[in-house]
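Read off the chains here:
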Amino acid sequence: DGYKNTQSAWLSPDSMIKRVNFATVVAEGVMTINKSRINPKKLSQVFDNFLSKPTINIVKNTEEKWQSALMLGSPQMMYK
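Scoring rules and cut-offs
- Residues numbered from 1 in each chain as written.
- Predicted model: local features only at pLDDT ≥ 70, side-chain atom pairs only at ≥ 80, totals over all residues.
- Heavy atoms only, no water.
- Salt bridge = Lys/Arg side-chain N within 4 Å of Asp/Glu carboxyl O.
- Helix = DSSP H or I, 4+ residues; strand = E, 2+ residues; numbered from the N terminus.
- Buried < 20%, exposed > 50% of the residue type's maximum accessible area, 1.4 Å probe, protein only.
- Patch = residues over 30% accessible without salt bridge, like charges linked within 9 Å, V, L, I, M, F, W, Y side chains within 5 Å.
- Areas by Shrake-Rupley, 256 points an atom, 1.4 Å probe, with all protein chains shown as cover.
- Expected span 1.5 Å × (residues − 1).
- Axes fitted to C-alpha atoms, helices over the stretch in contact; angles between N-to-C directions.
- Parallel < 35°, antiparallel > 145°, perpendicular 65-115°, else oblique.
- Left-handed = near helix turned anticlockwise from the far one by under 90°.
- Contact = heavy atoms within 4.5 Å.
- Phe/Tyr/Trp six-rings, centres within 6.5 Å; stacked < 30°, edge-to-face > 60°.

(A) Geometry of the pattern of salt bridges. Considering all chains together, one arrives at one salt bridge under this definition. Taking the shortest distance from any N to any O, the salt bridge between lysine 41 and glutamate 64 comes out at 3.4 Å. In this pair, lysine 41 is assigned in helix α3 (residues 40-46) and glutamate 64 in helix α5 (residues 64-72), connecting sequence segments 23 residues apart. Owing to a relative accessible area of 52%, lysine 41 belongs among the exposed residues under this scheme.

(B) A look at a nonpolar patch on the surface. A surface patch of nonpolar side chains, amounting to about 260 Å² of accessible area, comprises Ile58, Trp66 and Leu70. As for its position among the elements, isoleucine 58 is in helix α4 (residues 53-60).

(C) Geometry of helix α2 (residues 13-28). For α2, built from 16 residues, the straight-helix expectation of 22 Å at 1.5 Å per residue is met to within 8% by its first-to-last C-alpha distance of 22 Å. Of the residues making up α2, those classed as buried are Ser15, Arg19, Ala23, Thr24 and Ala27.

(D) Quick peek at the packing of α4 against α5. The interhelical angle for the contact between α4 and α5, taken along N-to-C directions, is 160 degrees, at an axis separation of 9 Å. In terms of orientation, α4 and α5 fall into the roughly antiparallel class. Judged by the sense of rotation from one axis to the other, the crossing of α4 with α5 is right-handed. Here Ile58, Val59 and Lys60 of α4 lie close against α5, whose contacting residues are Gln67, Leu70 and Met71.

(E) Representation of the packing of aromatic side chains within the structure. The tally for this structure, following the rule as stated, stands at one aromatic pair. With a centroid separation of 6.1 Å and an interplanar angle of 45 degrees, the aromatic rings of phenylalanine 47 and phenylalanine 50 are classed as tilted. A relative accessible area of 43% places phenylalanine 50 in the partly exposed class.

(F) Spatial organisation of the environment of isoleucine 38. With respect to the helices and strands, the residue isoleucine 38 is situated in the loop between α2 and α3. Once the C-alpha coordinates of isoleucine 38 and lysine 65 are considered, the two residues, 27 residues apart in sequence, prove to be 9.2 Å apart. Excluding residues that lie within four positions of it along the chain, isoleucine 38 makes contacts with Val26, Ala27, Leu43, Ser68 and Leu72.

(G) The environment of serine 36, seen in detail. One can find serine 36 in the loop between α2 and α3. When its relative accessible area of 34% is taken as the criterion, serine 36 is described as partly exposed.

This is the structure:
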């Protein structure tokens, strides 16, 4: 019957974990045809004006292989 349109459905811990896990899978290239990772530098250029300063700082100080997942799973990507 589609996605629920309620705050509790989107902001529950279970929902957030599922979205972060999905972001990690996408960032790792597991869901692509060529199995290549998303380039975090290119992704950060796309979201440069969208991500908050704290998120950008966390991403920059994290191992590169996790950076795309952190951007896709960031609080700014959780808004409806």
